[in-house]
Amino acid sequence: MIIAANFKTNHTRKSTAKYLEKLVSYVKENSVSEDIYIFPPFTAFDDFELCENITLGAQNAYPAEKGSFTGEIGLEQLEEFDIKTVLIGHSERRHILGENQGFIAEKFNFFKDRGFKIVYCVGEPLEIRREGEDALQEYIKLQFSGIDTKYEKLIVAYEPVWAIGTGLSAEPVQIEETISFISNLTKAPILYGGSVKPSNIKEIVSIAGCGGALIGTASWDVDSFIEMITIVEQCQ
Ligand code: PGA
């Protein structure tokens with residue numbers, strides 16, 4: 001299973017170091033076998049001592065090696081810390097930062113061409129979910145425009161916008177149906193994200209076709225994240 005922590009705009013370099021120290025020793029002492037990804041804020045990147053199944057990734061990056069893109073970071077800044085994993089298409093970047101599908105596809109292709117592992121997020125807003133299955137499928141299909149769904153280093157995260165940060169996860173049947181639809185579009189592992197927490201992770205990772213979880217809020221506390229890793233390990 002893949003278990004990913006998206007710190008968003010939380011944690012500092014110091015608190016990330018403490019977090020990773022605790023996580024790494026837990027993973028080592030308990031021989032955890034899950035694939036763990038941590039997406040800290042850029043300012044927390046450092047030469048951390050991790051273990052083989054813990055990967056540090058970037059929550060975003062600009063599709064350029066370097067240049068004049070105020071407020072952004074590019075390939076050069078990621079390479080300094082040996083970051084080879086990037087999150088693309090997160091709904092907060094689509095809806096709050098206004099990234100359109102064309103730009104998202106440009107980013108995808110830039111980092112694909114450089115061999116990055118890409119965690120690619122898709123998911124519908126509530127009004128689309130309310131319109132029904134056809135609208136939902138059409139919406140998600142469009143979120144794959146310009147994306148190479150056969151890319152071997154692709155991981156997809158299905159994250160319904162209405163379930164992100166709301167405490168309200170999608171129902172298992174809704175997750176299963178959408179994962180099943182996405183699995184017709186790609187053979188990549190498909191994660192679920194949206195209010196995943198210790199109390200629901202077991203049910204979520206047990207859903208047919210679910211390859212793991214992308215966790216925001218409940219991952220920010222290392223003990224809560226470790227608790228979820230333990231639950232997933234016990235489900236295997
Ligand atoms: P959440 O965020 O767990 O806080 O809902 C998930 C995400 O945005 O990846």
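Residues numbered from 1 in each chain as written. Predicted model: local features only at pLDDT ≥ 70, side-chain atom pairs only at ≥ 80, totals over all residues. Heavy atoms only, no water.

A closer look at the site of the ligand
Here comes step 1: Neighbouring the ligand are 13 residues; K8, H90, E159, G165 and T217 lie closest to it.
Here comes step 2: With respect to the ligand, the side chain of E159 contributes an N or O atom lying 2.7 Å from an oxygen atom.
Here comes step 3: Between an oxygen atom of the ligand and a main-chain N or O atom of S195, the distance comes to 2.7 Å.
Here comes step 4: Relative to its unbound accessible area of 280 Å², the ligand is 99% covered by the protein chains.
Here comes step 5: Here the shell around the ligand is composed, by residue class, of 4 nonpolar, 7 polar and 2 charged. (Near = heavy atom within 4 Å. Polar contact = N/O pair within 3.5 Å; in protein donor to acceptor, adjacent residues only side chain to side chain. Areas by Shrake-Rupley, 256 points an atom, 1.4 Å probe, with all protein chains shown as cover. Nonpolar A, V, L, I, M, F, W, Y, C, P; charged D, E, K, R; others polar.)

With respect to the sheet that holds strand 1 (residues 2–6)
Here comes step 1: Pairing is parallel in the open sheet, where 8 strands are placed in the order 3-2-1-8-7-6-5-4. Since the sheet does not close on itself, it has two edges, and those belong to strand 3 (54–56) and strand 4 (85–88), each with one partner. Mean inter-strand twist for the sheet, computed between neighbouring axes without regard to direction, equals 25°.
Here comes step 2: Where strand 4 lies against strand 5 (residues 117–122), 4 bridges are found, and the strand directions are parallel. In the strand pairing of strand 5, L87 is matched with V119. (Pairing = 2+ DSSP bridges. Helix = DSSP H or I, 4+ residues; strand = E, 2+ residues; numbered from the N terminus. Axes fitted to C-alpha atoms, helices over the stretch in contact; angles between N-to-C directions.)

Focus: the packing of aromatic side chains
Here comes step 1: Counted according to the given criterion, the structure contains 12 aromatic pairs.
Here comes step 2: Ring centres of Y19 and F225 lie 6.3 Å apart, and the angle between their planes is 35°; on these two criteria the pair is classed as tilted. With Y19 in helix 1 (residues 13–29) and F225 in helix 9 (residues 222–235), the pair connects residues that are 206 residues apart, well separated along the chain.
Here comes step 3: In this structure Y19 comes out as buried when scored by relative accessible area, which is 3%.
Here comes step 4: Overall, F225 belongs to the buried group, its relative accessible area being 0%.
Here comes step 5: The interplanar angle of 25° and the centroid separation of 4.0 Å between the aromatic rings of Y62 and F69 together place this pair among those described as stacked.
Here comes step 6: The class of F69 is partly exposed, set by a relative accessible area of 32%. (Phe/Tyr/Trp six-rings, centres within 6.5 Å; stacked < 30°, edge-to-face > 60°. Buried < 20%, exposed > 50% of the residue type's maximum accessible area, 1.4 Å probe, protein only.)

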